[in-house]
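The primary structure of each chain is shown beneath.
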Amino acid sequence: MSHEWNESVWKLVSFIPQGKVATYGQLAAMLGFPKRARHVGYALKHSPHDMVLPWQRVVNGKGLISFPYQSEQFLMQKAMLEAEGVIVSELGKIQLKTHGWRP
DNA sequence: CTGGTGACGTCTT
DNA sequence: GAAGACGCCACCA
């Protein structure tokens, strides 16, 4: 069910360690649905506003922040990641080699 | 039912 | 590496 899907996504994201990042596709695959990378983003967008999630630790497969360059959300995610020690280039690129989450 | 829309990914130039 | 074309799939007007 879609409701179950959202909850499993939120739960998994909450496990990403501080200072590490995961990709949408990686998380979807971990939940057993490698073709639903887009829906991980959907689940995050629709998470309760009062719920605290480390959503900033999720980027796309290229290691880029998936919000429009310099949009409010882009800048917020970049700032939050840098605040926890993740190196983010000016264009919003993360070095998955060093910050990638590997369970 | 039909078409448009994404916080995405893979393959081909 | 970069830029496009496709593929995917839940959701919604």
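For the structure, check the block above.
Residue positions are given per chain, counted from 1 along the sequence in the order it is written. Chain letters and ligand numbers both follow the written order, the letters beginning at A and the numbers at 1. Local features in this predicted model are restricted to residues of pLDDT 70 or higher, and side-chain atom pairs are both shown and tallied only at a pLDDT of 80 or more, whereas totals for entire chains, interfaces and linings draw on every residue. Only heavy atoms go into the side-chain values, all of them from the structure, while hydrogens and water stay out.

(A) Examining the overall build of chain A more closely. Strands are runs of DSSP state E lasting at least 2 residues, helices are runs of H or I lasting at least 4, and numbering of each runs from the N terminus. Secondary structure summary: chain A contains five helices and two strands in total. What you see in chain A, going N to C, is helices and strands ordered as α-β-α-α-β-α-α. Atoms counted for the radius of gyration: C-alpha only. Globule rule: 2.2 Å times the number of residues to the power 0.38. For chain A, whose C-alpha radius of gyration is 13 Å, the value lies close to the compact-globule estimate of 13 Å for 103 residues. Overall, the C-alpha framework of chain A stretches about 40 × 30 × 20 Å when taken along its three principal axes. Expressed as a percentage of its 103 residues, the buried residues of chain A come to 39%. The cut-offs for exposure are 20% and 50% of the maximum accessible area for each residue type, with area from a 1.4 Å probe on protein chains only; residues under the lower value are buried, those over the upper are exposed, and the others partly exposed.

(B) Just the nonpolar core, in detail. Buried Ala, Val, Leu, Ile, Met, Phe, Trp, Tyr and Cys residues that are joined via side-chain atoms within 4.5 Å together make up what is termed a nonpolar core. Counting 16 residues, the largest nonpolar core has V9, V13, I16, L27, V40, L44 and V58 as its most contacted members. Within the residue set of this core, elements represented by two or more residues are α1 (2–13), α2 (24–30) and α3 (37–45). Core analysis: the next-biggest nonpolar cluster, separate from the first, contains eight residues, V21, I65, L81 and V86 among them.

(C) Main features of the packing of aromatic side chains. When the centres of two rings from Phe, Tyr and Trp lie within 6.5 Å, Trp using its six-membered ring, the rings pair. Their planes under 30 degrees apart give stacked, over 60 give edge-to-face, and anything left gives tilted. If you walk through the whole model with that rule in mind, you get three aromatic pairs. Measuring from centroid to centroid gives 6.3 Å for W55 and F67, while their planes differ by 85 degrees, and the two rings are edge-to-face. Of this pair, W55 sits in the loop between α3 and β2 (58–59) while F67 is found in the loop between β2 and α4 (72–83), placing the two residues 12 residues apart along the sequence. Ring plane angle 80 degrees and centroid distance 5.4 Å describe the contact between Y69 and F74, whose orientation is recorded as edge-to-face. Under the relative-accessibility criterion, Y69 is labelled partly exposed at 44%. Just above the ring of W5 sits the side chain of R36; from NZ or CZ to the centre is 5.8 Å. Distance and angle both matter: a charge sits over a ring if NZ of Lys or CZ of Arg is within 6 Å of the ring centre and within 35 degrees of the ring normal.

(D) Local environment of the pattern of salt bridges. Just to be clear on terms, a salt bridge is a Lys or Arg side-chain nitrogen sitting within 4 Å of an Asp or Glu carboxyl oxygen. As enumerated under the stated definition, the model contains two salt bridges in all. Notably, a salt bridge pairs E82 with K78, separated by 3.0 Å at the nearest N-O pair. With E82 and K78 both in helix α4 and four residues apart, this pair spans about one turn of that helix. Take E82: its relative accessible area is 37%, and that puts it in the partly exposed class. Accessibility expressed as a relative area gives 12% for K78, which makes it buried.

(E) Quick peek at the protein's contact with DNA strand B. Here, proximity means that at least one heavy atom of the residue falls within 4 Å of the molecule or strand. As a matter of local geometry, DNA strand B sits amid 14 residues, with G25, R38, K45, G61 and S66 nearest to it. Of all DNA strand B atoms lying within 4 Å of any protein atom, the proportion belonging to sugar or phosphate reaches 44%. In the environment of DNA strand B, a base nitrogen lies 2.9 Å from a nitrogen or oxygen atom belonging to the side chain of Y24. Polar contacts here mean pairs of N or O atoms no more than 3.5 Å apart (in protein, one a potential hydrogen donor and the other a potential acceptor; neighbouring residues in sequence count only if both atoms are side-chain atoms). Residue K45 places a side-chain N or O atom 2.5 Å away from a phosphate oxygen belonging to DNA strand B. Among the secondary structure elements, those contributing two or more residues to the surface near DNA strand B are α2 and α3. Per-element tally for the surface near DNA strand B: the top contributor is α3, with six residues. Each residue is assigned to one of three groups, with Ala, Val, Leu, Ile, Met, Phe, Trp, Tyr, Cys and Pro labelled nonpolar, Asp, Glu, Lys and Arg labelled charged, and all others, Gly among them, labelled polar. Here the residues of the surface near DNA strand B sort into five nonpolar, seven polar and two charged.

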